[in-house]
Structure formats: C-alpha cells, structure tokens
Amino acid sequence: AQSVAQPEDQVNVAEGNPLTVKCTYSVSGNPYLFWYVQYPNRGLQFLLKYITGDNLVKGSYGFEAEFNKSQTSFHLKKPSALVSDSALYFCAVRDNNAGNMLTFGGGTRLMVKP
Amino acid sequence: DAGVTQSPTHLIKTRGQQVTLRCSPKSGHDTVSWYQQALGQGPQFIFQYYEEEERQRGNFPDRFSGHQYPNYSSELNVNALLLGDSALYLCASSWGTVNEQFFGPGTRLTVL
C-alpha cells in the first residue's frame, strides 16, 4: 500500500524568507510524486511533479521540490515566500506499479506573514 | 481553454437520498478520476474511468458508482446517503491513465 505523510499541520514563515513544506512517502514500486496547492473554496492546482531524472524539480510560481530516495522524501521549497503563497499544500504519490490512483497526505497550511 | 468543470457547486441532501454529481474534463483529456475530500483532510481516491469503464477503485462501498460517457464527461452517483458522505467531491482529468491529473473546483455535498 502507498502512503504519504506531511508531518506539519501548519508552517509559518515571514514574507521574503525561504520556506520548506515537508513530505515523506511509502510505496512498493517506483514513486511518481506530486505537489498540489488548494486555495479556499477552490479545487487543487498542480504545482510540480517528479517522475524520473534530476532530483530537483522546478514548478509553477517559483516552487521547487527535492526528491530524496534514501530518505523517501519530497520536500517543497521556495527561496522567497510571498503573502499570496498562503494556502493549503498537498503532497501526493502514485505507485508506478499500482495504477493511476493518487494517495494524498493530510495537507500542510502555509501562512506567510508580511 | 476550459479547465475541468463540475456541477453543481453545492448540494444539500438528507440521509437515505441519492445524489448525482457531474464532471466535464479538460479539453483533450480522456480519463476522469473522482476523489472525496472530507473537511480538514486530504483527498481520497474513489475511482477512475477510462474508455467508459471503471479502471481502478479505492476503498469505497458499492453505494458509490460512476459512469463515463463517449464525450469523456463523467458522473458520480452516491446512493443511501449517510451523514459521513458530507464532503467536497473533486473530479480530476488527465490524458491517459498515467499523466498528471488536473482538478476541478469541486462539489460540496452536505448530508443532513
């Protein structure tokens, strides 16, 4: 079975500072990893994905994520946070051997303060 | 280019009733997946439709059923509604079954 853990319910960061939102995963096969963002009363917006190749993945709105196979992690990062980045962030995994089902973490609320 | 659209936006039902939610995929997409997002939780996979057939199913009872039409649009049906079915229901579409999924705004279902 595949699973995702987002250990922090909320991350607080000051505008202009770097941010990290943590994600660890568990799959039996090769992982496909995704980050999505959800704004209030909205669906999920795709940010970035890791399929294979370079461990550092760049995505939308200046976000990037680093795949670490030995630590089974896929942390989301941004060098300089904006107040408008405040939202709910979800990490998701798909086991390459288990179809196209996405398994999501519980979400991390990012609060960026001016 | 229209993204994934869902209807209705909100819905209120009572226990025991039946409900149908609708989804139109993003242009060019042929695969539709449905997810349930309870308040304060991450989305949970219900099932996926491709070529008008259910291809994969999550851990949901048979009360949850679906359909995909030749134009790739899809419906989610829930019978014998329970209070615990109250959630945001998200539809996601993709091109093929293995590419990234794009989500609609969701339908918020409240069961009283």
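Residues numbered from 1 in each chain as written. Chains lettered and ligands numbered in written order. Predicted model: local features only at pLDDT ≥ 70, side-chain atom pairs only at ≥ 80, totals over all residues. Heavy atoms only, no water.

Examining the layout of surface pockets
What the largest pocket holds in volume is close to 510 Å³. The wall of the largest pocket is formed by 23 residues, among which Q38, N41 and L88 of chain A together with Q37 and R108 of chain B lie closest to the centre. With three residues, the single largest contributor to the lining of the largest pocket is strand β10 (residues 87-95) of chain A. Residue classes in the lining of the largest pocket are distributed as nine nonpolar, 10 polar and four charged. Space inside the second largest pocket adds up to approximately 240 Å³. As for the second largest pocket, its lining consists of 13 residues, and the residues nearest its centre are M101 and T103 of chain A together with P43, Q44 and F45 of chain B. Elements with a minimum of two residues in the lining of the second largest pocket: β11 (103-104) of chain A together with β5 (44-50) of chain B. Class assignment of the residues belonging to the lining of the second largest pocket gives a composition of six nonpolar, seven polar and no charged. (1 Å grid on protein atoms, 1.4 Å probe; cavity = no way out; pocket = protein on both sides within 12 Å on 5 of 7 lines; lining within 4 Å. Points joined across faces, edges and corners; volume = space filled by probe spheres on them. Helix = DSSP H or I, 4+ residues; strand = E, 2+ residues; numbered from the N terminus. Nonpolar A, V, L, I, M, F, W, Y, C, P; charged D, E, K, R; others polar.)

What about the sheet that holds strand β3 (residues 19-24) of chain B?
Residues and elements named next belong to chain B. Pairing is antiparallel across the open sheet formed by four strands, whose spatial order is β1-β3-β8-β7. Of all strands in the sheet, those bounded by a partner on one side alone are β1 (5-7) and β7 (64-68). Each neighbouring strand pair of the sheet contributes to a mean axis angle of 20°, computed without reference to strand direction. Note: β7 against strand β8 (residues 74-78), five bridges, orientation antiparallel. (Pairing = 2+ DSSP bridges. Axes fitted to C-alpha atoms, helices over the stretch in contact; angles between N-to-C directions.)

Brief notes about the state of the cysteines
Here is the idea: a disulfide is a covalent bond, and it sits between the sulfur atoms of two cysteines. Within this structure, the stated rule accounts for two disulfides over all chains. For C23 of chain A, the disulfide goes to C91 of chain A, at an S-S distance of 2.0 Å. As the torsion about the S-S bond is roughly -60°, the C23 of chain A-C91 of chain A disulfide counts as left-handed. Taken together, the positions of C23 of chain A in the loop between β3 (19-21) and β4 (24-26) and C91 of chain A in strand β10 put the pair 68 residues apart, joining distant regions of the chain. Taking the relative accessible area as the measure of exposure, C23 of chain A reaches 0% and is therefore buried. Between the sulfur of C23 of chain B and that of C91 of chain B lies a disulfide, 1.8 Å long from S to S. In this structure the cystine formed by C23 of chain B and C91 of chain B twists about its S-S bond by roughly -60°; its chirality is therefore left-handed. One end of the pair, C23 of chain B, is in strand β3; the other, C91 of chain B, is in strand β9 (residues 87-94), and 68 residues separate them in sequence. The class for C91 of chain B is buried, based on a relative accessible area of 0%. (Disulfide = S-S within 2.5 Å. Buried < 20%, exposed > 50% of the residue type's maximum accessible area, 1.4 Å probe, protein only.)

Section: the pairing of strand β6 (residues 44-50) of chain A
Residues and elements named next belong to chain A. Note: strand β5 (residues 31-38) against β6, six bridges, orientation antiparallel. Directly across from Y36, in β6, lies its bridge partner F46. Taking the residues that link successive antiparallel strands as the turn, the β5-β6 hairpin has five residues, and the phi of N41 there is positive, at about 60°.

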